Amino acid sequence: MTTPHIGPRIGLALGGGGARGIAHIAMLEAFDELGLKPAVIAGTSMGALIGAAYASGLEARAIRDHAERVLASKVELARLLFNPGENHGVFDLIEFKLFGPVMMNGETLTSIVLPPGVADFVQATAIPLKIIATDFFGRRQVLIENGPMGTAVAASIAIPGVISGPKIDGRVMVDGGITNPVPFDHVQAASDIVVAVDVIGGPVPRRAKGPTNFDLALGGSQILMRQIARLMRERSPPDIYIEPLLDRFRVLEFHRADEILAAAAPAKDDLKRQLEAQLAKAS
């Protein structure tokens, strides 16, 4: 059931960026500290995962506590992933294919990392939620507003070669960031104030050696995503566009959650100032 909104309707778009997307939690804290709630949320990849929790009614503080507990260290993260619990075994999470890459199963991974209290279905959230994935063979973005939450989020976070995505209506799904890395266009029509959070960042150089093939693949994807986001922003700019300074964190460094959240603090303060200014202007 959708909660009523008083005053200007704020649309929030949470973009993709792997571990850098943990910074979205700090942006949600800005909303809670100001006593605000978005009227609609759109999320891509990590933004879809965190957006699903917030749209379901969880407070940002609870999402932070869950993230810090789950991602506290490499050891704790490995324990969680390789001892998933009574509902899953390690072979449910890891997919082994002959002559193919070893990948994590997106739906199993999603069921492990989503915090308790997330709605079972996309259409059942307290705040309307739009999740972005990419139809691989259709070569276009897919907007998901209905259906099982785990399947939708798994489709959005499916990094090719790293996390496998589910099929939806017979279509192979991959990371929504490939086609729409910061999906603010999906909240513009229903909002008076549009807020976009861009956590894409860029490739991170290694100190002692050049980039690995994996670094090149992910870094190349980041460059493309930044170009797409820039072109979309130029064509139809949101009211507030926030880019936390996160380039020093690699895409899969989820164990650095505390550092990422600390690095996002200045952007959180900036978001609060801009929200207050936009609300004052609207009133």
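Residues numbered from 1 in each chain as written. Predicted model: local features only at pLDDT ≥ 70, side-chain atom pairs only at ≥ 80, totals over all residues. Heavy atoms only, no water.

Trainee: What is the right way to read the environment of isoleucine 25 from this model?
Mentor: Of note, isoleucine 25 is situated in helix H1 (residues 24-33). Considering only alpha carbons, one finds isoleucine 25 and glutamate 59, 34 residues apart in sequence, at a separation of 9.6 Å. Aside from chain neighbours lying at most four places away, what touches isoleucine 25 is Ile50, Ala60, Ile63, Arg64, Ala67 and Leu261. (Helix = DSSP H or I, 4+ residues; strand = E, 2+ residues; numbered from the N terminus. Contact = heavy atoms within 4.5 Å.)

Trainee: Would you explain the packing of aromatic side chains in this entry?
Mentor: Taken as a whole and assessed by the stated rule, the structure comprises 2 aromatic pairs. Aromatic side chains phenylalanine 136 and phenylalanine 137 sit 5.0 Å apart centroid to centroid with 80 degrees between the ring planes, which places their arrangement in the edge-to-face category. With a centroid separation of 6.3 Å and 85 degrees between ring planes, the pair formed by phenylalanine 184 and tyrosine 241 is classed as edge-to-face. With phenylalanine 184 in the loop between strand S9 (171-175) and strand S10 (193-197) and tyrosine 241 in strand S11 (residues 240-242), this pair connects stretches of sequence that are 57 residues apart. By relative accessible area, which is 1% here, phenylalanine 184 ends up buried. When the ring centre of tyrosine 241 is taken as reference, the NZ or CZ atom of arginine 233 above it lies at 3.9 Å. (Phe/Tyr/Trp six-rings, centres within 6.5 Å; stacked < 30°, edge-to-face > 60°. Buried < 20%, exposed > 50% of the residue type's maximum accessible area, 1.4 Å probe, protein only. Lys NZ or Arg CZ within 6 Å of the ring centre and 35° of its normal.)

Trainee: Looking at this structure, I do not really get the pattern of salt bridges. What am I missing?
Mentor: Oppositely charged side chains may form a pair once their charged atoms are brought near each other. Applying the stated criterion to the full structure yields 16 salt bridges. Arginine 61 is paired through a salt bridge with glutamate 68; the nearest N and O atoms lie 3.8 Å apart. Taking the relative accessible area as the measure of exposure, glutamate 68 reaches 24% and is therefore partly exposed. For arginine 256, the salt bridge identified is with glutamate 259, shortest N-O distance 2.9 Å. Taking the relative accessible area as the measure of exposure, arginine 256 reaches 17% and is therefore buried. One salt-bridge network, held together by shared partners, links Glu29, Glu33, Arg61, Arg64, Asp65, Glu68, Lys268 and Lys272. (Salt bridge = Lys/Arg side-chain N within 4 Å of Asp/Glu carboxyl O.)

Trainee: Is there a simple way to explain the packing of helix H2 (residues 46-55) against helix H7 (residues 149-156) in this structure?
Mentor: When two helices pack together, their arrangement is given by the angle between their axes and by how far apart the axes lie. It is the contact of H2 with H7, at a shortest axis distance of 7 Å, that shows an interaxial angle of 155 degrees. In terms of orientation, H2 lies roughly antiparallel with respect to H7. As for how H2 packs across H7, the hand of that crossing is right-handed. Between H2, through Ala48, Leu49 and Ala52, and H7, the contact on the second element is made entirely by Met149, Val153 and Ser156. Per-class residue counts for the contact of H2 with H7 are 5 nonpolar, 1 polar and no charged. (Axes fitted to C-alpha atoms, helices over the stretch in contact; angles between N-to-C directions. Parallel < 35°, antiparallel > 145°, perpendicular 65-115°, else oblique. Left-handed = near helix turned anticlockwise from the far one by under 90°. Nonpolar A, V, L, I, M, F, W, Y, C, P; charged D, E, K, R; others polar.)

Trainee: Sorry if this is basic, but what is going on with the nonpolar core here?
Mentor: Taken as a class, soluble globular proteins show a tendency for nonpolar side chains to be buried jointly. Counting residues in each nonpolar core, the largest one holds 70 residues, and the members touching the most others are Ile22, Phe31, Ile131, Ile144, Met149, Val195 and Leu271. Considering each element in turn, this core owes the most residues, 8 residues, to H2. Residue contacts for isoleucine 144: discarding those within four places in its chain leaves Val122, Leu129, Lys130, Ile131, Ala133, Ala152, Ala155 and Ile168. Formed by 13 residues, the second largest nonpolar core is a distinct cluster that contains Ala42, Phe184, Ile200 and Tyr241. (Core = buried A, V, L, I, M, F, W, Y, C linked by side-chain atoms within 4.5 Å.)

Trainee: Whenever I open this one, the packing of helix H6 (residues 106-113) against H7 confuses me. Can you help?
Mentor: Packing of H6 against H7 leaves a shortest axis separation of 8 Å and a crossing angle of 115 degrees. The angle between the axes of H6 and H7 places the two elements in the roughly perpendicular class. Like other packed secondary-structure pairs, H6 and H7 cross with a definite hand, here right-handed. Side by side, H6 and H7 meet where Gly106, Glu107 and Thr110 of the first sit next to Gly150, Thr151, Val153 and Ala154 of the second. For the contact of H6 with H7, the residue count by class is 2 nonpolar, 4 polar and 1 charged.

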